[in-house]
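Letter by letter, the chains look like this.
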Amino acid sequence: MLELKKKSVMFTGIQPTGSLTLGNYCGTMCSWGNLQKYYQCFFCVADLHALMSTGKKRAKYHSSKKILDMVALYLSCGVDPENNVIFVQSQIHTHSQLYWLLSNFCYFGELSRMTQFKQKSKHSQVDINLSLFCYPVLMAADILLYQTSYVSVGLDQKQHLELAQNIARRFNKLYGGIFTIPRVLINPTGFRVMALQDPQKKMSKSDANVNNTIFLLDDINIVRSKLKRSLTDSDFPAQVIYDPQRKPGVSNLLSIFSSLAEKTISQIELEFKDHQYSSFKQQLSDLVCDRISMIQKLYFSFRKDEDYLIDILKFGKKKAIHYSTENLYKVFKALDL
Ligand code: ATP
Ligand code: MG
(Lines give C-alpha, C1' and ligand atoms only; values in the text may rest on other atoms or scores of the structure.)
(Ligands and ions follow the chains in the order given, each with its own letter.)
Protein backbone atom coordinates (compact mmCIF):
# COMPACT_ATOMS: atom_id res chain seq x y z
CA MET A 1 0.00 0.00 0.00
CA LEU A 2 1.41 3.38 -0.97
CA GLU A 3 1.53 5.75 1.91
CA LEU A 4 1.75 9.40 1.17
CA LYS A 5 4.18 11.14 3.47
CA LYS A 6 2.21 14.37 3.59
CA LYS A 7 -1.47 15.11 3.40
CA SER A 8 -1.78 17.45 0.43
CA VAL A 9 -0.44 16.66 -3.01
CA MET A 10 1.46 19.11 -5.22
CA PHE A 11 1.78 18.18 -8.88
CA THR A 12 3.96 19.76 -11.53
CA GLY A 13 5.52 18.77 -14.83
CA ILE A 14 7.70 19.86 -17.72
CA GLN A 15 7.73 18.61 -21.29
CA PRO A 16 10.96 17.19 -22.73
CA THR A 17 10.64 19.49 -25.74
CA GLY A 18 14.14 20.89 -25.37
CA SER A 19 16.72 21.88 -22.84
CA LEU A 20 15.25 23.45 -19.68
CA THR A 21 15.34 27.22 -19.43
CA LEU A 22 15.58 30.07 -16.99
CA GLY A 23 11.85 30.58 -17.67
CA ASN A 24 11.08 27.05 -16.46
CA TYR A 25 13.32 27.66 -13.47
CA CYS A 26 11.89 31.02 -12.37
CA GLY A 27 8.33 29.98 -13.27
CA THR A 28 8.25 26.77 -11.28
CA MET A 29 11.47 24.79 -10.58
CA CYS A 30 12.99 27.32 -8.17
CA SER A 31 10.15 26.72 -5.72
CA TRP A 32 10.27 22.89 -5.79
CA GLY A 33 12.79 22.55 -2.97
CA ASN A 34 10.51 24.53 -0.71
CA LEU A 35 7.22 22.98 -1.80
CA GLN A 36 8.42 19.47 -1.02
CA LYS A 37 8.73 20.46 2.65
CA TYR A 38 4.98 20.98 2.88
CA TYR A 39 3.41 18.75 0.26
CA GLN A 40 3.68 15.27 -1.15
CA CYS A 41 5.08 16.20 -4.53
CA PHE A 42 4.69 14.49 -7.90
CA PHE A 43 7.21 15.69 -10.51
CA CYS A 44 6.24 14.57 -13.99
CA VAL A 45 8.33 14.42 -17.17
CA ALA A 46 5.47 15.15 -19.54
CA ASP A 47 6.62 13.24 -22.60
CA LEU A 48 3.12 12.56 -23.95
CA HIS A 49 2.58 16.32 -24.12
CA ALA A 50 5.90 16.71 -25.90
CA LEU A 51 4.74 14.48 -28.78
CA MET A 52 2.31 17.07 -30.03
CA SER A 53 4.81 19.83 -30.59
CA THR A 54 7.78 17.96 -31.92
CA GLY A 55 6.44 16.81 -35.28
CA LYS A 56 9.19 15.44 -37.46
CA LYS A 57 11.82 15.95 -34.79
CA ARG A 58 9.89 13.70 -32.44
CA ALA A 59 12.52 10.98 -32.05
CA LYS A 60 15.20 13.47 -31.09
CA TYR A 61 13.21 15.04 -28.27
CA HIS A 62 11.62 11.93 -27.00
CA SER A 63 14.81 10.03 -26.31
CA SER A 64 15.58 8.44 -22.96
CA LYS A 65 18.73 10.58 -22.87
CA LYS A 66 16.64 13.73 -22.82
CA ILE A 67 14.48 12.31 -20.08
CA LEU A 68 17.49 11.42 -17.90
CA ASP A 69 18.87 14.93 -18.48
CA MET A 70 15.62 16.28 -17.10
CA VAL A 71 15.63 14.01 -14.06
CA ALA A 72 19.19 15.11 -13.27
CA LEU A 73 18.06 18.74 -13.53
CA TYR A 74 15.08 18.10 -11.28
CA LEU A 75 17.50 16.75 -8.66
CA SER A 76 19.85 19.69 -9.19
CA CYS A 77 17.02 22.05 -8.32
CA GLY A 78 16.72 20.35 -4.95
CA VAL A 79 14.11 17.62 -5.44
CA ASP A 80 14.50 14.81 -2.93
CA PRO A 81 13.74 11.64 -4.91
CA GLU A 82 13.20 9.46 -1.87
CA ASN A 83 10.34 11.40 -0.38
CA ASN A 84 8.71 12.52 -3.62
CA VAL A 85 7.68 10.91 -6.86
CA ILE A 86 9.55 11.64 -10.10
CA PHE A 87 8.03 9.80 -13.05
CA VAL A 88 7.67 9.70 -16.82
CA GLN A 89 4.11 10.34 -18.00
CA SER A 90 4.09 7.76 -20.81
CA GLN A 91 5.02 4.98 -18.35
CA ILE A 92 1.78 5.50 -16.44
CA HIS A 93 -1.11 4.18 -18.51
CA THR A 94 -3.76 5.75 -16.27
CA HIS A 95 -3.06 9.23 -17.68
CA SER A 96 -4.30 8.35 -21.17
CA GLN A 97 -7.24 6.44 -19.74
CA LEU A 98 -8.47 9.30 -17.57
CA TYR A 99 -7.84 11.70 -20.45
CA TRP A 100 -10.46 9.89 -22.54
CA LEU A 101 -12.96 9.77 -19.71
CA LEU A 102 -12.55 13.47 -18.93
CA SER A 103 -12.89 14.46 -22.57
CA ASN A 104 -16.56 13.61 -22.12
CA PHE A 105 -16.81 16.38 -19.55
CA CYS A 106 -15.14 19.12 -21.52
CA TYR A 107 -16.67 21.21 -24.30
CA PHE A 108 -15.34 22.04 -27.72
CA GLY A 109 -16.06 25.74 -27.05
CA GLU A 110 -13.92 25.72 -23.89
CA LEU A 111 -10.94 24.23 -25.68
CA SER A 112 -11.35 26.66 -28.58
CA ARG A 113 -10.92 29.52 -26.13
CA MET A 114 -7.52 28.36 -24.85
CA THR A 115 -5.04 31.12 -25.62
CA GLN A 116 -2.16 28.72 -26.19
CA PHE A 117 -4.13 26.77 -28.79
CA LYS A 118 -5.10 29.99 -30.57
CA GLN A 119 -1.47 31.18 -30.59
CA LYS A 120 0.15 27.91 -31.60
CA SER A 121 -2.42 27.11 -34.30
CA LYS A 122 -1.99 30.60 -35.73
CA HIS A 123 1.66 29.86 -36.55
CA SER A 124 0.91 26.72 -38.48
CA GLN A 125 -2.38 26.63 -40.32
CA VAL A 126 -1.48 23.45 -42.19
CA ASP A 127 -0.52 20.77 -39.66
CA ILE A 128 -2.62 21.30 -36.60
CA ASN A 129 -2.85 18.05 -34.70
CA LEU A 130 -5.92 17.14 -32.73
CA SER A 131 -3.55 16.78 -29.75
CA LEU A 132 -2.71 20.48 -29.85
CA PHE A 133 -6.41 21.15 -29.34
CA CYS A 134 -7.04 18.46 -26.71
CA TYR A 135 -3.90 18.52 -24.61
CA PRO A 136 -5.40 20.65 -21.80
CA VAL A 137 -7.69 17.66 -21.12
CA LEU A 138 -4.65 15.38 -20.79
CA MET A 139 -3.19 17.98 -18.46
CA ALA A 140 -6.38 17.89 -16.39
CA ALA A 141 -6.06 14.10 -16.21
CA ASP A 142 -2.39 14.37 -15.11
CA ILE A 143 -3.42 16.59 -12.24
CA LEU A 144 -6.72 15.05 -11.16
CA LEU A 145 -5.33 11.49 -11.09
CA TYR A 146 -3.30 12.27 -7.99
CA GLN A 147 -6.01 14.12 -6.00
CA THR A 148 -3.81 17.16 -6.37
CA SER A 149 -4.40 20.13 -4.10
CA TYR A 150 -1.78 22.42 -5.64
CA VAL A 151 -0.17 22.77 -9.05
CA SER A 152 2.99 24.80 -9.49
CA VAL A 153 3.09 26.40 -12.94
CA GLY A 154 4.11 29.55 -14.76
CA LEU A 155 1.46 32.09 -15.68
CA ASP A 156 1.03 30.70 -19.20
CA GLN A 157 -0.54 27.54 -17.75
CA LYS A 158 -3.08 29.29 -15.48
CA GLN A 159 -5.88 29.06 -18.04
CA HIS A 160 -5.34 25.31 -18.45
CA LEU A 161 -5.46 24.92 -14.68
CA GLU A 162 -8.78 26.73 -14.60
CA LEU A 163 -10.07 24.32 -17.21
CA ALA A 164 -8.96 21.37 -15.03
CA GLN A 165 -10.85 22.92 -12.11
CA ASN A 166 -13.99 23.28 -14.24
CA ILE A 167 -13.80 19.69 -15.45
CA ALA A 168 -13.34 18.44 -11.87
CA ARG A 169 -16.25 20.52 -10.56
CA ARG A 170 -18.50 19.35 -13.40
CA PHE A 171 -17.63 15.71 -12.74
CA ASN A 172 -18.06 16.08 -8.97
CA LYS A 173 -21.47 17.70 -9.43
CA LEU A 174 -22.70 14.64 -11.30
CA TYR A 175 -20.94 11.87 -9.38
CA GLY A 176 -20.09 13.20 -5.92
CA GLY A 177 -16.77 14.40 -4.59
CA ILE A 178 -14.50 12.19 -6.68
CA PHE A 179 -11.81 14.77 -7.45
CA THR A 180 -9.95 17.21 -5.27
CA ILE A 181 -10.21 20.66 -6.86
CA PRO A 182 -6.62 21.73 -7.61
CA ARG A 183 -5.41 25.22 -6.82
CA VAL A 184 -2.82 27.02 -8.85
CA LEU A 185 0.50 28.03 -7.28
CA ILE A 186 2.18 30.88 -9.13
CA ASN A 187 5.46 32.32 -7.91
CA PRO A 188 5.29 35.98 -6.80
CA THR A 189 7.82 36.98 -9.50
CA GLY A 190 9.38 35.22 -12.46
CA PHE A 191 6.00 33.72 -13.35
CA ARG A 192 6.34 34.90 -16.94
CA VAL A 193 9.93 35.34 -18.08
CA MET A 194 9.99 36.92 -21.51
CA ALA A 195 12.20 36.26 -24.54
CA LEU A 196 15.45 38.26 -24.25
CA GLN A 197 15.35 39.64 -27.79
CA ASP A 198 11.59 39.98 -27.98
CA PRO A 199 10.14 40.76 -24.55
CA GLN A 200 6.59 40.74 -25.93
CA LYS A 201 6.61 36.93 -26.02
CA LYS A 202 7.47 34.42 -23.35
CA MET A 203 10.82 32.64 -23.11
CA SER A 204 10.34 29.06 -24.35
CA LYS A 205 12.61 26.08 -24.65
CA SER A 206 11.31 25.43 -28.15
CA ASP A 207 12.02 28.98 -29.43
CA ALA A 208 13.87 28.85 -32.77
CA ASN A 209 16.04 31.83 -31.80
CA VAL A 210 18.43 30.58 -29.10
CA ASN A 211 19.35 34.16 -28.18
CA ASN A 212 15.86 34.57 -26.76
CA THR A 213 16.43 31.85 -24.22
CA ILE A 214 18.84 31.12 -21.40
CA PHE A 215 19.19 27.38 -21.04
CA LEU A 216 20.12 26.00 -17.64
CA LEU A 217 22.90 24.03 -19.34
CA ASP A 218 24.26 26.91 -21.42
CA ASP A 219 27.96 27.64 -21.12
CA ILE A 220 28.38 30.44 -18.55
CA ASN A 221 30.08 32.74 -21.09
CA ILE A 222 27.13 32.29 -23.40
CA VAL A 223 24.74 33.18 -20.59
CA ARG A 224 26.70 36.37 -19.96
CA SER A 225 26.69 37.31 -23.61
CA LYS A 226 22.96 36.60 -24.03
CA LEU A 227 22.15 38.80 -21.05
CA LYS A 228 24.50 41.54 -22.20
CA ARG A 229 22.80 41.62 -25.59
CA SER A 230 19.27 41.34 -24.20
CA LEU A 231 16.92 44.00 -25.46
CA THR A 232 16.49 46.94 -23.11
CA ASP A 233 14.40 49.96 -23.79
CA SER A 234 15.50 53.04 -25.64
CA ASP A 235 13.83 55.62 -23.41
CA PHE A 236 15.74 58.55 -21.98
CA PRO A 237 16.93 58.89 -19.29
CA ALA A 238 17.49 55.13 -18.98
CA GLN A 239 16.09 54.11 -15.62
CA VAL A 240 15.76 50.73 -14.01
CA ILE A 241 12.00 50.87 -13.48
CA TYR A 242 9.34 48.18 -13.69
CA ASP A 243 6.81 49.15 -16.32
CA PRO A 244 5.95 46.15 -18.54
CA GLN A 245 3.92 48.29 -20.97
CA ARG A 246 6.47 51.01 -21.67
CA LYS A 247 9.67 49.18 -20.67
CA PRO A 248 9.12 45.47 -21.38
CA GLY A 249 12.84 44.64 -21.70
CA VAL A 250 14.01 46.13 -18.39
CA SER A 251 10.85 44.93 -16.62
CA ASN A 252 11.61 41.39 -17.72
CA LEU A 253 15.17 41.61 -16.39
CA LEU A 254 13.84 43.06 -13.14
CA SER A 255 11.48 40.15 -12.67
CA ILE A 256 14.31 37.65 -13.24
CA PHE A 257 16.45 39.55 -10.73
CA SER A 258 13.62 39.60 -8.20
CA SER A 259 12.94 35.90 -8.58
CA LEU A 260 16.58 34.86 -8.09
CA ALA A 261 17.52 37.39 -5.40
CA GLU A 262 14.21 36.87 -3.58
CA LYS A 263 13.81 40.63 -3.29
CA THR A 264 10.76 42.66 -4.26
CA ILE A 265 10.83 44.64 -7.49
CA SER A 266 10.65 47.92 -5.48
CA GLN A 267 13.73 46.94 -3.46
CA ILE A 268 15.67 46.35 -6.65
CA GLU A 269 14.42 49.57 -8.29
CA LEU A 270 15.69 51.43 -5.24
CA GLU A 271 19.03 49.62 -5.28
CA PHE A 272 19.60 50.61 -8.94
CA LYS A 273 18.03 54.06 -8.74
CA ASP A 274 21.05 55.93 -10.08
CA HIS A 275 22.58 53.10 -12.10
CA GLN A 276 22.98 52.71 -15.84
CA TYR A 277 21.41 49.70 -17.56
CA SER A 278 24.90 48.28 -18.07
CA SER A 279 25.62 48.15 -14.35
CA PHE A 280 22.21 46.61 -13.64
CA LYS A 281 22.78 44.00 -16.35
CA GLN A 282 26.22 43.21 -14.98
CA GLN A 283 24.85 42.46 -11.53
CA LEU A 284 21.96 40.50 -12.97
CA SER A 285 24.45 38.52 -15.00
CA ASP A 286 26.45 37.67 -11.85
CA LEU A 287 23.29 36.55 -10.12
CA VAL A 288 22.09 34.37 -13.00
CA CYS A 289 25.55 32.88 -13.59
CA ASP A 290 26.04 32.03 -9.92
CA ARG A 291 22.73 30.20 -9.81
CA ILE A 292 23.27 28.42 -13.11
CA SER A 293 26.82 27.40 -12.15
CA MET A 294 25.51 25.89 -8.94
CA ILE A 295 22.81 23.97 -10.81
CA GLN A 296 25.30 22.76 -13.43
CA LYS A 297 27.77 21.53 -10.82
CA LEU A 298 25.09 19.37 -9.28
CA TYR A 299 23.73 18.38 -12.68
CA PHE A 300 27.03 16.98 -13.93
CA SER A 301 27.52 14.94 -10.80
CA PHE A 302 23.96 13.47 -10.92
CA ARG A 303 24.05 12.91 -14.67
CA LYS A 304 27.14 10.68 -14.41
CA ASP A 305 25.24 8.01 -12.54
CA GLU A 306 22.65 6.79 -15.06
CA ASP A 307 21.75 3.71 -13.00
CA TYR A 308 20.76 5.95 -10.12
CA LEU A 309 18.54 8.09 -12.37
CA ILE A 310 16.93 4.99 -13.90
CA ASP A 311 16.24 3.61 -10.41
CA ILE A 312 14.56 6.86 -9.42
CA LEU A 313 12.24 6.55 -12.43
CA LYS A 314 11.48 2.89 -11.66
CA PHE A 315 10.58 3.80 -8.10
CA GLY A 316 8.50 6.76 -9.34
CA LYS A 317 6.71 4.57 -11.88
CA LYS A 318 5.68 2.09 -9.20
CA LYS A 319 4.34 4.80 -6.92
CA ALA A 320 2.60 6.78 -9.64
CA ILE A 321 0.88 3.67 -11.02
CA HIS A 322 -0.24 2.61 -7.61
CA TYR A 323 -1.66 5.93 -6.54
CA SER A 324 -3.21 6.92 -9.85
CA THR A 325 -4.82 3.50 -10.35
CA GLU A 326 -6.60 3.85 -7.04
CA ASN A 327 -8.05 7.16 -8.17
CA LEU A 328 -8.86 6.00 -11.67
CA TYR A 329 -10.76 3.10 -10.18
CA LYS A 330 -12.98 5.56 -8.31
CA VAL A 331 -13.81 7.23 -11.62
CA PHE A 332 -14.57 3.88 -13.30
CA LYS A 333 -16.87 3.02 -10.42
CA ALA A 334 -18.65 6.36 -10.60
CA LEU A 335 -19.23 5.88 -14.34
CA ASP A 336 -20.34 2.30 -13.81
CA LEU A 337 -17.57 0.93 -16.04
P1 ATP B 1 7.56 24.73 -24.92
O2 ATP B 1 8.06 25.91 -25.69
O3 ATP B 1 7.93 23.43 -25.53
O4 ATP B 1 6.08 24.82 -24.57
P5 ATP B 1 8.20 25.74 -22.31
O6 ATP B 1 9.49 26.43 -22.04
O7 ATP B 1 6.97 26.56 -22.41
O8 ATP B 1 8.39 24.78 -23.54
P9 ATP B 1 6.77 23.77 -20.74
O10 ATP B 1 7.26 22.37 -20.60
O11 ATP B 1 5.63 24.02 -21.66
O12 ATP B 1 8.02 24.69 -21.11
O13 ATP B 1 6.38 24.32 -19.30
C14 ATP B 1 6.93 23.81 -18.09
C15 ATP B 1 6.63 24.78 -16.95
O16 ATP B 1 7.43 25.96 -17.09
C17 ATP B 1 5.18 25.26 -16.89
O18 ATP B 1 4.78 25.38 -15.55
C19 ATP B 1 5.24 26.62 -17.54
O20 ATP B 1 4.19 27.48 -17.10
C21 ATP B 1 6.59 27.11 -17.05
N22 ATP B 1 7.17 28.10 -17.96
C23 ATP B 1 7.51 27.89 -19.25
N24 ATP B 1 8.02 29.00 -19.78
C25 ATP B 1 8.00 29.93 -18.80
C26 ATP B 1 8.40 31.31 -18.75
N27 ATP B 1 8.90 31.91 -19.81
N28 ATP B 1 8.25 31.97 -17.57
C29 ATP B 1 7.74 31.35 -16.49
N30 ATP B 1 7.33 30.07 -16.48
C31 ATP B 1 7.46 29.36 -17.62
MG1 MG C 1 5.07 25.62 -22.87
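Residues numbered from 1 in each chain as written. Chains lettered and ligands numbered in written order. Predicted model: local features only at pLDDT ≥ 70, side-chain atom pairs only at ≥ 80, totals over all residues. Heavy atoms only, no water.

**Some details on the overall build of the protein chain**
- From N to C terminus, the protein chain includes 15 helices and five strands.
- Over its C-alpha atoms the protein chain spans a radius of gyration of 20 Å, differing by no more than 12% from the 20 Å that the globule rule assigns to 337 residues.
- Dimensions along the principal axes, computed over C-alpha positions, put the protein chain at roughly 70 × 45 × 40 Å.
- Considering only residue pairs separated by 6 or more positions, the protein chain has 77% of its internal contacts joining residues 24 or more positions apart.
- Element-wise, carbon and sulfur atoms account for 54% of the exposed surface of the protein chain, whose accessible area totals about 16,400 Å². (Helix = DSSP H or I, 4+ residues; strand = E, 2+ residues; numbered from the N terminus. Rg over C-alpha atoms; globule rule 2.2 N^0.38 Å. Contact = heavy atoms within 4.5 Å. Areas by Shrake-Rupley, 256 points an atom, 1.4 Å probe, with all protein chains shown as cover.)

**Brief notes about the pairing of strand β4 (residues 148-152)**
- Counted residue by residue, β4 has five buried out of five residues, so it is predominantly covered.
- One ladder, built from three bridges, connects strand β1 (residues 9-14) with β4; its direction is parallel. Across the sheet, the residue bridging to Val 9 is Thr 148, located in β4.
- Bridge analysis of β4 against strand β5 (residues 183-185) gives three bridges, and the strand direction is parallel. Across the sheet, Ser 152 pairs through a bridge with Leu 185, a residue of β5.
- With respect to chirality, the unit in which β4 leads through helix α10 (residues 158-175) into the neighbouring parallel β5 is right-handed. (Buried < 20%, exposed > 50% of the residue type's maximum accessible area, 1.4 Å probe, protein only. Pairing = 2+ DSSP bridges. Right-handed = clockwise from strand over helix to strand, strands pointing away.)

**Here's the deal with the site of ligand 1**
- Close to ligand 1 lie 22 residues, the nearest being Thr 17, Asp 156, Lys 202, Lys 205 and Ser 206.
- Separating an oxygen atom of ligand 1 from a side-chain N or O atom of Thr 17 is a distance of 2.7 Å.
- Here Gly 23 contributes a backbone N or O atom positioned 3.2 Å from a nitrogen atom of ligand 1.
- In the complex, the protein chains occlude 97% of the 600 Å² of accessible area that ligand 1 would expose alone.
- Those elements giving two or more residues to the shell around ligand 1 turn out to be β1 and α1 (22-27).
- Sort the elements by how many residues they give to the shell around ligand 1 and α1 lands first, with three residues. (Near = heavy atom within 4 Å. Polar contact = N/O pair within 3.5 Å; in protein donor to acceptor, adjacent residues only side chain to side chain.)

**Observations regarding the packing of aromatic side chains**
- For the structure on display, the rule yields 21 aromatic pairs.
- With centroids separated by 4.9 Å and ring planes inclined at 75 degrees, the aromatic side chains of Phe 117 and Phe 133 adopt a geometry described as edge-to-face. Placement of Phe 117 in helix α8 (residues 115-123) and of Phe 133 in helix α9 (residues 130-144) is noted, with a sequence separation of 16 residues between them.
- Of the residues examined, Phe 133 reaches a relative accessible area of 11% and is grouped as buried. (Phe/Tyr/Trp six-rings, centres within 6.5 Å; stacked < 30°, edge-to-face > 60°.)

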